[in-house]
Amino acid sequence: MTIIAIANRLGGNEILGRVIRSEADLMQLIEQGVPKATIRYLADSLGIEPKELVEYLPVTPRNLQRYQDSDRLSDIVSDHIVALAELFEHGEDALGKAYFRDWLHGSILSLGNRRPVEFLKTHKGIGIVDRELGRIEHGIFA
């Protein structure tokens with residue numbers, strides 16, 4: 001998983017309006033806010049509806065309706081979107097796109113028989129799901 005792959009998952013130069021080549025660039029993007037259009041692009045990259053992705057974000061759908069696609073989101077929402085992009089990139093690398101999408105919605109024993117999507121509303125939860133993907137990559141399933 002590279003910074004460039006994460007930036008491309010967020011819409012690349014065209015959507016982000018800038019080149020992202022390093023962690024520092026990504027951090028600056030978060031601080032300045034990602035464009036609202038990033039939500040649709042990220043959802044499309046995983047093959048889900050934008051409204052499903054919005055369920056995982058720390059913002060209400062009603063609040064998002066007030067934004068134009070080019071408007072920048074808050075640093076808190078932007079940070080969460082970038083964390084999800086990193087997770088989605090890791091998940092597809094580890095499991096493949098279709099299987100990862102199915103895995104997110106399946107009950108996982110090591111997550112207390114909960115679905116990984118239930119963890120995506122917080123950074124802590126995203127980290128838990130990411131570590132579970134790491135375990136799968138290393139053949140640890142329990």
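Conventions used here
Residues numbered from 1 in each chain as written. Predicted model: local features only at pLDDT ≥ 70, side-chain atom pairs only at ≥ 80, totals over all residues. Heavy atoms only, no water. Helix = DSSP H or I, 4+ residues; strand = E, 2+ residues; numbered from the N terminus. Expected span 1.5 Å × (residues − 1). Buried < 20%, exposed > 50% of the residue type's maximum accessible area, 1.4 Å probe, protein only. Contact = heavy atoms within 4.5 Å. Polar contact = N/O pair within 3.5 Å; in protein donor to acceptor, adjacent residues only side chain to side chain. Salt bridge = Lys/Arg side-chain N within 4 Å of Asp/Glu carboxyl O.

- The chain has the name DUF2384 domain-containing protein in an unreviewed UniProt entry, where Spirosoma foliorum is given as its organism.

### Concerning helix α7 (residues 75–95)
So, step 1. Under the 1.5 Å per step criterion, the end-to-end length of α7 is 30 Å for 21 residues, consistent within 8% with the ideal 30 Å.
So, step 2. The buried fraction of α7 is high, at 15 of 21 residues.
So, step 3. Count one or two residues on from α7 and you reach Gly 96, which has phi positive near 90 degrees.

### Comments concerning the environment of Asp 79
So, step 1. Among the structural elements, Asp 79 can be located in helix α7.
So, step 2. What makes Asp 79 partly exposed here is its relative accessible area of 30%.
So, step 3. A sequence separation of 56 residues divides Asp 79 from Arg 135, and the C-alpha atoms of the two residues are 24 Å apart.
So, step 4. If we ignore the near neighbours within four places in the chain, the residues touching Asp 79 are Ile 30 and His 123.
So, step 5. There is a polar contact of 3.1 Å between the side chain of Asp 79 and the side chain of His 123.

### What to know about the pattern of salt bridges
So, step 1. Taken as a whole and assessed by the stated rule, the structure comprises five salt bridges.
So, step 2. Here Glu 118 makes a salt bridge to Arg 114, at a shortest N to O gap of 3.0 Å.
So, step 3. On the basis of relative accessible area, Glu 118 is assigned to the partly exposed category, the value being 36%.
So, step 4. Among the residues examined, Arg 114 registers a relative accessible area of 37% and is labelled partly exposed.
So, step 5. Counted as one network, the salt bridges with shared partners bring together Arg 9, Glu 89 and Glu 92.

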